[in-house]
Amino acid sequence: MENERKSNIIRVGSRKSQLALIQTNHVIDCLKNVHPDKEFTLVSMTTLGDRVLDVSLPKIGEKSLFTKDLEDALHNNTVDFVVHSLKDLPTSLPDGLAIGAVFEREDPRDALVLREDIKATSLEDLPEGSVIGTSSLRRTAQLRGKYPQLKVIDVRGNLNTRLKKLDDPATDYSALLLASAGMQRMGWADRISKYLPCSDMMYAVGQGALAIECRSDGEEILKMLAPFNHPETYCRILAERSFLKTLGGGCSAPVGVSTKLKKLDTNYQLTITGGVWSLDGATKISHTLEETFEQINILEQIKNKPKHKLSPTDDGSTKKIKVVDTSDNNENPLAELDEIIKSDNANCEELRSDEEIEALKKIFCGLKANRNVPVDVIQKCDDLGRDLANLLIEKGALDVMKVTQDLIRSSVVKS
């Protein structure tokens, strides 16, 4: 009976904030569609970053402010997997844990949210001395560098709390800078005054993506998550995390990125831009690199590969996902999609060499190797982020970051 309970009941960890619960329930709904035989139980908890609201994030001095309590639950076998905003996860995870899947990324850009009585439509239009609220060193540095006439003040709390502070007449905030993906998920897109282009505001590593963290040896959970490990998002995220890991940054230094993945005629091109700023924004070190791949998704390779001699589709026809009318809820097209992916994944394993299969056991910047992506592509994405970071280091990025970290440490000591 205990074994049956373990296999049929999946315990899902989440922070207690409204946004975290919305994100977690979205993941659960996706999994339920494919695994209707499973029962998903939500286990919510409050993390250190949620409990300490009177100190800015960098000054708290912890690397896993929003993840440690949830990771403890994974280690203690209290939950089977945890749903995170990927930008909250450090690039190195505790032993025995890994990111089993990254869901398809939403818009990673930052959003300007103006107080409702403000007539301006952009940061440029705000009067001198206007107060902008943010808890991010990355946003603070870029704001100070590009808009020195504005005043940047730390603001903590979940999205609900921050928006209440913005709308409170007793406060001085004219605007907030927030992740647009979070506003979209909360259903508050109408509050966004402007989406900030990456030329104005590079975003945080992993911003806009959801990560599923689980035990690295939990094969049942990893297999369940595999169909949702989005190949294009995975490639972008890996390059970003490799960049940040090589720099050794995080919330303790102003570091931002921008990535693009586009399909060319026969290839895919991944472009990454990374930047490091001084806290006052006066110094900026940035660079752009790109890499081209013959293929991103190994499932496409399988579908384009000649069929086996005894294949029932030896006539050259390709497998298609039929459109199913679900108005009576009798059939589930996502379940059929999962079966197709599982079948193709099995074929993938047949085509891999022993070296490739061994490489799939590796963990890249906390990410389990994505079985839907060719191993050589995974390695190139990892290398691309590392190469970009090393170029910035050659230009003096570590010295710039050290000055910021020393300033933060000295302010903690003084306070």
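Residues numbered from 1 in each chain as written. Predicted model: local features only at pLDDT ≥ 70, side-chain atom pairs only at ≥ 80, totals over all residues. Heavy atoms only, no water.

### Description of the sheet that holds strand β7 (residues 151-153)
Logical step 1: Read across the sheet, 5 strands follow the order β7-β6-β8-β5-β9 without closing on themselves; strand pairing throughout is mixed. The sheet terminates laterally at β7 and β9 (194-195), the two strands that pair on one side only.
Logical step 2: Where strand β6 (residues 131-133) and strand β8 (residues 173-179) come together, 3 bridges link them in parallel fashion. Residue Ile132 lies in a different strand from β8, and its bridge partner there is Ala175. (Pairing = 2+ DSSP bridges. Helix = DSSP H or I, 4+ residues; strand = E, 2+ residues; numbered from the N terminus.)

### Details of the environment of Arg371
Logical step 1: In this structure, Arg371 sits in the loop between β15 (367-368) and α14 (375-394).
Logical step 2: With 140 residues separating them in the primary sequence, Arg371 and Pro231 have C-alpha atoms 9.0 Å apart.

### A look at the packing of aromatic side chains
Logical step 1: Considering all chains together, one arrives at 1 aromatic pair under this definition.
Logical step 2: Look at Phe103 and Phe228: their rings are 5.3 Å apart centre to centre, the planes differ by 5°, and that puts the pair in the stacked class. One end of the pair, Phe103, is in the loop between β4 (97-102) and β5 (110-114); the other, Phe228, is in the loop between α9 (219-225) and α10 (231-247), and 125 residues separate them in sequence.
Logical step 3: When its relative accessible area of 6% is taken as the criterion, Phe103 is described as buried.
Logical step 4: Accessibility expressed as a relative area gives 16% for Phe228, which makes it buried.
Logical step 5: Positioned over the ring face of Tyr268 is Lys263, at 5.2 Å from the centre of the ring. (Phe/Tyr/Trp six-rings, centres within 6.5 Å; stacked < 30°, edge-to-face > 60°. Buried < 20%, exposed > 50% of the residue type's maximum accessible area, 1.4 Å probe, protein only. Lys NZ or Arg CZ within 6 Å of the ring centre and 35° of its normal.)

### So, the environment of Gln207
Logical step 1: Mapped onto the secondary structure, Gln207 falls in the loop between β9 and β10 (210-215).
Logical step 2: For Gln207, a relative accessible area of 1% gives the class buried.
Logical step 3: Along the primary structure Gln207 and Arg105 are separated by 102 residues, whereas in three dimensions their C-alpha atoms are 8.3 Å apart.
Logical step 4: Apart from residues no more than four positions distant in its own chain, Gln207 is found in contact with Lys87, Arg105, Pro108, Arg109, Asp110, Arg138, Arg139 and Ala179.
Logical step 5: At a separation of 2.9 Å, a polar atom in the side chain of Gln207 contacts the side chain of Asp110. (Contact = heavy atoms within 4.5 Å. Polar contact = N/O pair within 3.5 Å; in protein donor to acceptor, adjacent residues only side chain to side chain.)

### Examining the pairing of strand β3 (residues 81-85)
Logical step 1: Counting buried positions along β3 gives 5 out of 5 residues, so the element sits mostly inside the fold.
Logical step 2: Both faces of β3 are covered, namely the face carrying Phe81, Val83 and Ser85 and the face carrying Val82 and His84.
Logical step 3: Of the strand pairs in this sheet, β3 and β10 are connected by 5 bridges, and their pairing is antiparallel. When the bridges of β10 are listed, Val83 appears paired with Ile212.

### Considering the nonpolar core
Nonpolar side chains tend toward joint burial in soluble globular proteins.
Logical step 1: Formed by 45 residues in total, the largest nonpolar core has its most connected members in Leu86, Ile99, Leu238, Phe243, Leu247, Val255 and Val276.
Logical step 2: Among the secondary structure elements, those contributing two or more residues to this core are β4, α10, β11 (255-263), β12 (268-277), β13 (284-293), α14 and α15 (397-414).
Logical step 3: Discounting residues that sit within four places of it in the chain, Phe243 has contacts with Val255, Gly256, Val257, Ile272, Gly274, Gly275, Gly385, Arg386, Leu388, Ala389 and Leu392. (Core = buried A, V, L, I, M, F, W, Y, C linked by side-chain atoms within 4.5 Å.)

### Section: the sheet that holds β12
Logical step 1: An order of β11-β12-β13 is seen for the 3 strands of this open sheet, with the pairing classed as antiparallel. Looking along the sheet, the strands with just one partner apiece sit at the ends: β11 and β13. In this sheet, adjacent strand axes meet at a mean angle of 10° when their direction is disregarded.
Logical step 2: Relative to β13, β12 runs antiparallel, the two sharing 10 bridges. Within the sheet, the bridge partner assigned to Thr271 lies in β13 and is Glu290.
Logical step 3: With respect to the sheet, α10 is in contact with β11 and β12, its orientation differing from that of β11 by roughly 150°. (Axes fitted to C-alpha atoms, helices over the stretch in contact; angles between N-to-C directions.)

### Quick word on the side chain of Asp110
Logical step 1: Structurally, the position occupied by Asp110 is in strand β5.
Logical step 2: The buried category is assigned to Asp110, whose relative accessible area is 0%.
Logical step 3: Within the structure, the side chain of Asp110 is placed 2.8 Å from the side chain of Arg139, a separation counted as a polar contact.
Logical step 4: Those residues within four positions of Asp110 in sequence are excluded, and the remaining contacts are Arg138, Arg139, Leu178, Ala179, Ser180, Lys194, Tyr195, Leu196, Met201, Met202, Tyr203 and Gln207.

### Some remarks on α10
Logical step 1: With 17 residues, α10 extends 25 Å from end C-alpha to end C-alpha; this agrees with the ideal 24 Å at 1.5 Å per step.
Logical step 2: Across the 17 residues that make up α10, a large majority, 14, are buried. (Expected span 1.5 Å × (residues − 1).)

### A word on unusual backbone geometry
Logical step 1: Phi is positive for Asn77, close to 65°, though the residue is something other than glycine.
Logical step 2: Positionally, Asn77 belongs in the loop between α5 (68-75) and β3.
Logical step 3: In this structure, Cys365 takes a positive phi of about 50° despite not being glycine.
Logical step 4: Summarising the element assignment, Cys365 is placed in the loop between β14 (363-364) and β15.

### Quick notes on the confidence of the model for the protein chain
Logical step 1: Averaged over all residues, the pLDDT of the protein chain is 83; the fraction at 70 or higher stands at 78%.
Logical step 2: Of the regions scoring below 50 in pLDDT, residues 1-5 engages in 1 contact with residues more than four places distant in sequence or in other chains.
Logical step 3: Contacts from residues 306-338, a stretch scored under 50 in pLDDT, to residues over four places away or in other chains number 26 contacts. (pLDDT = per-residue confidence, 0-100.)

### What about α5?
Logical step 1: Residues of α5 that are buried: Leu70, Glu71, Ala73 and Leu74. The buried side chains of α5 occupy one side of the element, clustering within an arc of 150° when seen end-on.
Logical step 2: Elements in contact with the buried residues of α5: β1 (9-15), β2 (39-45), β3, β4 and β10.
Logical step 3: Within two residues after α5, Asn77 carries a phi angle of roughly 65°, on the positive side. (Arc of directions from axis to C-beta.)

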